[in-house]
Structures are given as structure tokens and as C-alpha cells.
Amino acid sequence: MSDFNDQVIAEFRDNKGTVGGFFANAHVTLLHHKGRKSGRDMITPLIYLPVDGSYVLIGSAGGAKKVPEWFNNVAAADEVQIEVGEQTVTAKPTIVRQGPEWLRIYTMFADYWPDVHKYEENTDRRFPFARLDPVAMS
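The rules behind these values
Residues numbered from 1 in each chain as written. Predicted model: local features only at pLDDT ≥ 70, side-chain atom pairs only at ≥ 80, totals over all residues. Heavy atoms only, no water. Salt bridge = Lys/Arg side-chain N within 4 Å of Asp/Glu carboxyl O. Buried < 20%, exposed > 50% of the residue type's maximum accessible area, 1.4 Å probe, protein only. Pairing = 2+ DSSP bridges. Helix = DSSP H or I, 4+ residues; strand = E, 2+ residues; numbered from the N terminus. Axes fitted to C-alpha atoms, helices over the stretch in contact; angles between N-to-C directions. Contact = heavy atoms within 4.5 Å. Expected span 1.5 Å × (residues − 1). Arc of directions from axis to C-beta.

For the chain, the name recorded in an unreviewed UniProt entry is Nitroreductase family deazaflavin-dependent oxidoreductase, with Kibdelosporangium philippinense as its organism.

*Asks:* Is there a simple way to explain the pattern of salt bridges in this structure?
*Replies:* Close approach of charged atoms allows side chains with opposite charge to pair. Taken as a whole and assessed by the stated rule, the structure comprises seven salt bridges. In this structure, Lys34 and Asp41 form a salt bridge, with 2.9 Å as the shortest nitrogen-oxygen distance. Residue class for Lys34 comes out partly exposed when judged on its relative accessible area of 47%. Residue classification places Asp41 among the exposed residues on the basis of a relative accessible area of 64%. Residues joined in a network through salt bridges with shared partners are Asp52, Glu101 and Arg104.

*Asks:* Would you take a moment to explain the sheet that holds strand β1 (residues 28–34) for this structure?
*Replies:* Strands in a sheet are paired, the pairing made by backbone hydrogen bonds, and the direction either parallel or antiparallel. Strand order around the closed barrel formed by six strands is β1-β2-β3-β6-β5-β4, with antiparallel pairing between neighbours. This sheet shows a mean twist of 45 degrees between the axes of neighbouring strands, independent of strand direction. As defined by bridge partners, β1 adjoins strand β4 (residues 80–84) across three bridges and the pair is classed as antiparallel. If you follow His32 over to β4, its bridge partner there is Gln81. Packing against the sheet, helix α1 (residues 3–14) makes contact with β1, β2 (41–51) and β4, and its axis sits at approximately 120 degrees to β1.

*Asks:* I keep staring at α1 and nothing clicks. Help me out?
*Replies:* Along an α-helix, residues three or four apart share an orientation, since each turn contains 3.6 residues. The first and last C-alpha atoms of α1 sit 16 Å apart over twelve residues, in line with the 16 Å expected at 1.5 Å per residue. Taken as a whole, α1 has its buried residues at Asn5, Val8, Ile9 and Phe12. Down the axis of α1, the buried side of the element spans an arc of 100 degrees, and every buried residue falls inside it. In α1, the exposed positions that point more than 90 degrees away from the buried face belong to Asp3, Gln7 and Asp14. Backbone geometry just downstream of α1 places Lys16 in the positive-phi region, at approximately 55 degrees.

Below, the structure is given as C-alpha cells:
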């Protein structure tokens, strides 16, 4: 895990889900996922968009040429856990890569986080979404 991620995770937990800097004023979650190849447990801080009771994550990686590894791990999982504020949510992921649902989510996400347009300038790929539907909260 990077020093940046470690700092964000510590700040998130110290401040009940609120972080500053790059993530200031954004909905932030800590995604718990397992490496599909390594089997290692990992935590990745991410911006999310609440949509119809679900948590939506974007596989933008800042416009990298490839989908981020965390996204591939989520796509391979039956369930993942996220930290939202002081709650831990177990969720079932659904991957959205195209169609009317992709366009609906993309429009909402880009309105919420306009940096998505900047990220698109760095790549030709369409950013996929992971919709996380809660199945349990603690």
C-alpha cells in the first residue's frame, strides 16, 4: 500500500470517515478487497457516489491505460466490504460497463466529480463502474 493510501486510511478512521486534501468534500469509502491472484487482503480509499441505496465506484485510475487492480478484484468477488463513516457495509458488486445504466451512472458521477473528464483525456478506455449493493451493515 502506498504512503498516500496509508495517510488517507488513517485520516478517514481518525475523523469518522471525513478526509481532506485531494478527497476534501467528497464521499470517501475504504474498500476492503482480496487480491484475486495473491489472495492478500487490501484496503483502497476511493471516492464513491451514492445511487439508489448503493455505493458506486468508478474504475478510472486517474485515466490510466488499464483498469485499476482493485476494480478487477471487486469484479472477481461475490462480496466486498466497505467502510462508510463509522459503519462497515458488506455489499454485492455488480459491474456496469455499458448500456443505459452505464450512461445514467456516468452522467451522475461526472456531475459529482468533474475530474472524470480530465481523466478521460489520458486514455481511450471507457471507465467501468462497480455498483455495491448492501447486504449487511455493522
